[in-house]
Amino acid sequence: MRYSAFAIVREALRGNRHWAPVWRDPAPKPSYDAVIIGGGGHGLATAYYLAKEHGIANVAVLEKGYLGSGNVGRNTTIVRSNYLLPGNVPFYEWSMKLWEGLEQDINYNAMVSQRGVLNLYHSDAQRDAFARRGNAMRLHGVDAELLDRDEVRAMAPFLDFDNGRFPIRGGLLQRRGGTVRHDAVAWGYARAADRRGVDLIQNCEVTGLSIDGGRVVGVETTRGPIRAGKVGMAVAGNSSRVAALAGMRLPIESHVLQAFVSEAVKPVIDTVVTFGAGHFYISQSDKGGLVFGGDIDGYNSYAWRGNLAIVEDVMECAMAVWPGLGRLRVLRHWGGLMDMSMDGSPIIDRTPVDGLYLNAGWCYGGFKATPASGWCFAHLIATGAPHPVAGSFRLDRFATGAVIDEKGAGAQPNLH
Ligand SMILES: Cc1cc2nc3c(=O)[nH]c(=O)nc-3n(C[C@H](O)[C@H](O)[C@H](O)COP(=O)(O)OP(=O)(O)OC[C@H]3O[C@@H](n4cnc5c(N)ncnc54)[C@H](O)[C@@H]3O)c2cc1C
């Protein structure tokens, strides 16, 4: 069913009882041209662009739970392209451009809201680093503005500008950044891929990879074996587990990242704000809840449960930058599983097994990458060659030394 103003009015008059299911629920076929493992944002976007851009629609997305049950439905919804390094900027800017046209492309309201992302700085040295980042962005044609303290105060007067330890001196603003409703992204891509003939198969865990003479020929699943000409892995926090099925050991660690939402209040903050003296970011959802988060839990885990040390750390950061938050009650908090790479940047590449492709290492930042990641992974799977904007996201960069150390934190996943 195509969404339109007319369809919404018609269904409202009929008691909303005639909406068709948004995607089919097919049984797996014995064989596909391509199988994508993982029904998160990246897997769904990859299947959609394989069908749309490359005419490869005999594709299955295999998801061990339900579509969107992973990080794509657990993140804090922030999108931006305020990167510094040449390996990253063109990719994230391409993603931003795809966000800007996404809703028309997939005919789905993903609530793309370019409300701005404001990174606060608290010292002269940090201002200089932000000026450098902003200049690098502008050299790549990305919008960036360096604000002084008064300009930040005009945008967000509720912040604590005179905090004794972390006074706010200004901020780096990307006005085109903002938020996108995360699970609508999963649903929108799922619906659009389904309409182009992609099979979306839920409750189907991949438990083995069939490899013959160095080439992948299919997958073993909890719903039986499936043959495939090509297989793409897009399983985020489970990347090391699934790659291990092909005997690969990835330069990736899995960590929990927690997020929080407060009770709903009237509109108080109309942009995304990040604290510069600790790891903390906040925005307000359309329902009114303040959505915020901070650092990953510092130990490796495949669980979705975090621990209280991070809860305390996030709340301390919140109070340091916006003391008024202390008057609100936290409504819910949850965790997701981060695929932390050793330099904080992702991997979209071939693997040593022919026909087996890897999309992983998204760390905290993979939601904003969803459209470009799907676009570039589809390009790689369809053509065998990396897409130009993702050419640096190579798996062998940790062996060659061509790392993309955006944060300058080195090979320390818990610092990215
Ligand atoms: C709390 C939190 C806040 C975040 N905030 C932001 C943010 O503000 N901005 C941003 O850009 N990024 C953010 N991120 C990161 C972002 O959500 C992830 O990087 C991104 O969603 C990962 O890609 P994905 O959507 O494909 O992952 P997922 O949705 O996790 O998809 C992977 C899927 O693979 C499936 N799977 C795993 N193993 C198998 C198997 N063996 N067989 C079949 N299926 C399998 C999983 O069930 C899962 O559904 C955040 C993440 C979290 C957890």
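Structure first, text after, so check above.
How each quantity is defined
- Residues numbered from 1 in each chain as written.
- Predicted model: local features only at pLDDT ≥ 70, side-chain atom pairs only at ≥ 80, totals over all residues.
- Heavy atoms only, no water.
- Phe/Tyr/Trp six-rings, centres within 6.5 Å; stacked < 30°, edge-to-face > 60°.
- Helix = DSSP H or I, 4+ residues; strand = E, 2+ residues; numbered from the N terminus.
- Buried < 20%, exposed > 50% of the residue type's maximum accessible area, 1.4 Å probe, protein only.
- Lys NZ or Arg CZ within 6 Å of the ring centre and 35° of its normal.
- Pairing = 2+ DSSP bridges.
- Near = heavy atom within 4 Å.
- Polar contact = N/O pair within 3.5 Å; in protein donor to acceptor, adjacent residues only side chain to side chain.
- Areas by Shrake-Rupley, 256 points an atom, 1.4 Å probe, with all protein chains shown as cover.
- Domains from an automatic or database assignment.
- Core = buried A, V, L, I, M, F, W, Y, C linked by side-chain atoms within 4.5 Å.
- Contact = heavy atoms within 4.5 Å.
- Disulfide = S-S within 2.5 Å.

Undergrad: Before we move on, could you go through the packing of aromatic side chains and cite the residues and values that matter?
TA: Applying the stated rule across the entire model yields 17 aromatic pairs. Judged by centre distance (4.9 Å) and plane angle (75°), the ring pair of F91 and F393 falls under edge-to-face. Residue F91 is found in helix α3 (residues 89-106), and its partner F393 is found in the loop between α9 (370-383) and α10 (397-400); the two are separated by 302 residues along the sequence. On the accessibility criterion, F393 (0% relative accessible area) is buried. Cation over ring: R74 sits above W304, and NZ or CZ is 3.6 Å from the ring centre. Above the ring of Y302, the side-chain terminus of R241 is found at 4.0 Å from the ring centroid.

Undergrad: How would you explain the pairing of strand β6 (residues 170-174) if you had to name every residue and give the values?
TA: In terms of burial, β6 is a largely internal element, five of the five residues being buried. Residues G170, L172 and Q174 of β6 are buried on one face, and the alternating residues G171 and L173, pointing to the opposite face, are buried as well. Across four bridges, the pairing between strand β5 (residues 145-148) and β6 is antiparallel. Note that in β6 the partner of L146 across the bridge is L172.

Undergrad: Give me the site of the ligand: which residues, what numbers.
TA: Taken together, 37 residues lie near the ligand, and E63, N71, T76, Y364 and K368 sit nearest. G41 is positioned such that a nitrogen or oxygen atom in its backbone is 3.0 Å from an oxygen atom of the ligand. Interatomic distance of 2.8 Å between a backbone N/O atom of N71 and an oxygen atom of the ligand. Here the ligand has 1000 Å² of accessible area as a free molecule, and 96% of this is covered by the chains. Among the elements that take part in the shell around the ligand, strand β12 (residues 252-264) stands out by supplying three residues, more than any other. When we break the shell around the ligand down by domain, the ones giving at least three residues each are domain 1 (26-81 + 83-108 + 182-251 + 343-415) and domain 2 (117-177 + 254-341).

Undergrad: Any details on the nonpolar core? Residues and values, ideally.
TA: By size, the foremost hydrophobic cluster in this structure holds 58 residues, and its most contacted members are L44, Y49, F91, W99, Y189, V198 and I348. Per element, the largest residue contribution to this core is eight residues, and it comes from α3. Counting only domains with at least three residues in this core, you end up with domain 1 (26-81 + 83-108 + 182-251 + 343-415) and domain 2 (117-177 + 254-341). Residues within four places of F91 in sequence aside, it is in contact with I348, W362, A369, A372, S373, C376, V389, A390 and F393.

Undergrad: Kindly report on the state of the cysteines, identifying the contributing residues and their values.
TA: Following the criterion strictly, the structure yields zero disulfides and no others. Of all cysteine sulfurs, the one in C363 lies closest to C317, which takes part in no disulfide; the gap is 19 Å. No disulfide involves C376; its sulfur sits 17 Å from the nearest other cysteine sulfur, which is in C363.

So yeah, pure geometry; function would need other evidence.
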